[in-house]
Amino acid sequence: MNYTSTRNSSLRAEASFAIAHGISEEGGLFVPTSIPKTDAAFIEGLVNAPYVERANRILSLYLTDYTHEELAADTAGAYTERFGDPAVAPVKRLDDTAHILELWHGPTCAFKDMALQLLPYLLTGAASRVSGGKETVILVATSGDTGKAALEGFRDVPGTKILVFFPSDGVSPMQKLQMTTQAGENVGVCAIRGNFDDAQTGVKRIFTSPEVIETLARHNMTFSSANSINWGRLAPQIVYYFSAYADLIKNGAIRNGEKINVTVPTGNFGNILAAYYAREMGLPVNRLICASNENDVLTEFLTTGRYNRRRPFHTTVSPSMDILISSNLERLLWHLTGGDDETVRRLFGDLAEKGEYTVDGGLLEKLRTLFAAGCTDDAGTAKTIAAVFNEHGYLCDTHTAVAVNVYNAYREKTGDRTPTVIASTASPYKFSKAVLGAITGGAAGSDSEFDMVEELERLTGVPAPEQLKTLRGKAPRFTDVCTGDEMTDRVYRLLGIAD
Ligand SMILES: *Cc1c(COP(=O)(O)O)cnc(C)c1O
């Protein structure tokens, strides 16, 4: 299995190279040159296999330069009892057509764990083949979920150090506490005065600074990235769509071979793209339903072909989907154009220069056949949380509620009764304030994050995850706040080196 770049289709690389480097040097994303195929017998073989074994079988089709022993050790190390459910990613029936795929039983209670618990293993294996035994330094700018999931994934992993920068006022109280109390000998966390873009810009600058790279090299260290465009984050996400399908067969909801739909609450387009790969591999998927909040750039794109990021940015109750540039879309367009790197360069050049691009003709037809798309606002999200709880006794978070809302509208409009897997991406207790407000139909009784957690538990009877409850009263370990200009200094300090 070879990989190439969306902006240079003549490049050839192995999986280790793609994972160790994260992004191709001309700015493109690594993509497999061909998508491996599976059949009904392969899927049948997954039905009685545990999650770790399902992961081995699917990942070995993509990560062909990793040995079977290596992959088996990696997946066994990642998907342990640290996931609060033995199924790792269990499927729950909502009604006669809708099934919820819970992706948030990992240590940080968001779906990012599904990939970030495995990535450190994949990355250290890749680095030993590609980077000649240098220590790997992971730098992350986060708007919330990714930072904590990366910290948990990389903590105390030999041969790695991880540093996370977050905007001091741009994350939820729970997210902030999750990061500032992080344990581990190889971790560092620092708040930035500014917003997410300031943190992101600072990290990119450090990543590409020749002086910083040179200083790290003198200390036998090299940068790598854990962000969502790394192939090592995408590949693990393909697994759970197969896993969900196998579970639906197992519990009698479908027969092997029967088509399903998949609905995904979407931000950077990584999670839904993984579902596309599963479909191309032969998983019987009919439509991919892309759900957005008020930041509806993808809804417009998938229905009209026009991608226009010059639009108001909305801060919503589903912050992990507050994104106007969905990076992973580039991979989809590369595949749908049959690997046409020239078209990809033109479209993403337009996006950088003019803030928009348009696709039409056959490409737009393909998009419309594969995808349905819809969006809802915060009021719709709250209504859905209340309705799902009142009608089904199921408590969902704000991101999942966006997906359920868009799915219900799709089913209503099309009459499509195909069994559907809805990706649930976070524990409701990560967003207690908004979820509690939706359930009570008004303001919460208290402003304290943990009082709200308790109130929500009391009202719904749904237990909050232990790993969130035990944060109460914990003293932060990392209290440093710096400006964008001071970030390089903080990197050196956290790494224990002077320039
Ligand atoms: C990251 C995230 C998303 C968006 O996923 P993408 O892969 O970026 O589309 C949705 N929900 C939650 C809770 C997230 O953390």
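In what follows, the accompanying structure is described.

Thresholds applied
Residues numbered from 1 in each chain as written. Predicted model: local features only at pLDDT ≥ 70, side-chain atom pairs only at ≥ 80, totals over all residues. Heavy atoms only, no water. Helix = DSSP H or I, 4+ residues; strand = E, 2+ residues; numbered from the N terminus. Polar contact = N/O pair within 3.5 Å; in protein donor to acceptor, adjacent residues only side chain to side chain. Contact = heavy atoms within 4.5 Å. Near = heavy atom within 4 Å. Areas by Shrake-Rupley, 256 points an atom, 1.4 Å probe, with all protein chains shown as cover. Nonpolar A, V, L, I, M, F, W, Y, C, P; charged D, E, K, R; others polar. Phe/Tyr/Trp six-rings, centres within 6.5 Å; stacked < 30°, edge-to-face > 60°. Buried < 20%, exposed > 50% of the residue type's maximum accessible area, 1.4 Å probe, protein only. Salt bridge = Lys/Arg side-chain N within 4 Å of Asp/Glu carboxyl O. Pairing = 2+ DSSP bridges. Right-handed = clockwise from strand over helix to strand, strands pointing away. Disulfide = S-S within 2.5 Å. Core = buried A, V, L, I, M, F, W, Y, C linked by side-chain atoms within 4.5 Å. Axes fitted to C-alpha atoms, helices over the stretch in contact; angles between N-to-C directions.

This next bit is on the side chain of Asp85. Checked against the element boundaries, Asp85 lands in the loop between helix 4 (68–78) and strand 4 (91–93). Of note is the side chain of Asp85, whose polar atom sits 2.9 Å from the backbone nitrogen of Ala87. In contact with Asp85, other than residues within four places in its own chain, are Pro90 and His105.

The ligand sits among 15 residues. The nearest are Lys112, Asp145, Gly267, Asn268 and Thr425. Note that an oxygen atom of the ligand is positioned 2.7 Å from one of the backbone N or O atoms of Asn268. The separation between an oxygen atom of the ligand and a polar side-chain atom of Ser320 is 3.4 Å. Its free accessible area being 390 Å², the ligand has 96% of it covered by the protein chains. The residue inventory of the shell around the ligand, partitioned by class, reads five nonpolar, eight polar and two charged.

One pass over the full model with this rule turns up 15 aromatic pairs. Plain terms: the ring middles of Tyr79 and Phe83 are 5.6 Å apart, the flat faces sit at 55° to each other, and that makes the pair tilted. Comparing Tyr79 with Phe83 shows no difference in burial state: the two are buried. Measuring from centroid to centroid gives 5.7 Å for Phe301 and Tyr357, while their planes differ by 75°, and the two rings are edge-to-face. Here the residue Phe301 occupies a position in helix 13 (residues 297–304), and Tyr357 occupies one in strand 13 (residues 356–358), the gap between them amounting to 56 residues. Here the aromatic cluster, defined as three or more aromatic residues joined through ring pairs, consists of Tyr3, Tyr62, Trp231, Tyr276 and Tyr277.

Time to look at the pattern of salt bridges. Side-chain pairing between opposite charges can occur once the charged atoms of the two side chains come close. A full pass over the atoms with the stated rule returns 30 salt bridges. One salt bridge in this structure joins Arg57 and Glu53, with 2.8 Å as the shortest N-O distance. Of the two residues, Arg57 and Glu53 both sit in helix 3 (residues 51–62), four residues apart, roughly one turn of that helix. One salt bridge connects Glu152 with Lys148, and the closest N-O pair in it is separated by 3.6 Å. Taken together, the positions of Glu152 and Lys148, both in helix 7 (residues 145–154) and four residues apart, correspond to about one turn of that helix. Looking at Glu152, the relative accessible area reads 8%, which means it is buried.

Another point: the environment of Leu471. Within the secondary structure, Leu471 is located in the loop between helix 21 (466–469) and strand 16 (481–482). Along the primary structure Leu471 and Phe450 are separated by 21 residues, whereas in three dimensions their C-alpha atoms are 8.9 Å apart.

Now for the pairing of strand 7 (residues 160–167). In terms of burial, strand 7 is largely enclosed, as eight of its eight residues are buried. In strand 7, alternate side chains face the same way, and those of Thr160, Ile162, Val164 and Phe166 on one face and Lys161, Leu163, Phe165 and Pro167 on the other are all buried. Inspection of the sheet shows strand 6 (residues 135–141) paired to strand 7 by six bridges, in the parallel sense. Bridge assignment links Val140 to a residue of strand 7, and that residue is Val164. Crossover handedness for the path strand 6 to helix 7 to strand 7: right-handed. Bridging between strand 7 and strand 8 (residues 187–192) involves six bridges; their strand directions are parallel. Note on strand 8: the bridge partner recorded for Val164 is Val189.

The subject of this paragraph is the state of the cysteines. Scanning all chains against the criterion turns up zero disulfides. Here Cys375 is not disulfide-linked; the sulfur of Cys290 is the nearest cysteine sulfur, at 9.8 Å. For Cys375, a relative accessible area of 36% translates into the label partly exposed. Cysteine Cys482 remains unbridged, with the sulfur of Cys190 as its closest cysteine sulfur at 3.7 Å. With a relative accessible area of 0%, Cys482 lands in the buried category.

Although it is not a glycine, Asp156 sits at a positive phi angle of roughly 60°. Within the secondary structure, Asp156 is located in the loop between helix 7 and strand 7.

Attention now moves to the nonpolar core. Ranked by internal contacts, the top residues of the largest apolar core, which has 103 residues, are Leu63, Trp231, Ile238, Tyr241 and Tyr357. Examining the composition of this core, we find that 13 residues originate from one element, helix 11 (residues 231–250), more than from any other. If we ignore the near neighbours within four places in the chain, the residues touching Tyr241 are Leu101, Val262, Val264, Asn271, Ala274, Ala275, Ala278, Leu283 and Ala423. Counting 36 residues, the second-largest nonpolar core is a separate cluster that includes Ile385, Val388, Tyr410 and Leu471.

Time to look at the sheet that holds strand 6. The strand order across the open sheet built from five strands is 9-6-7-8-16, with neighbouring strands paired in parallel fashion. Looking at strand neighbours, the two that pair on one side only are strand 9 (221–224) and strand 16, the edges of this open sheet. Where helix 22 (residues 487–495) meets the sheet, it contacts strand 6, strand 7, strand 8, strand 9 and strand 16, and its direction lies at approximately 145° from that of strand 7.

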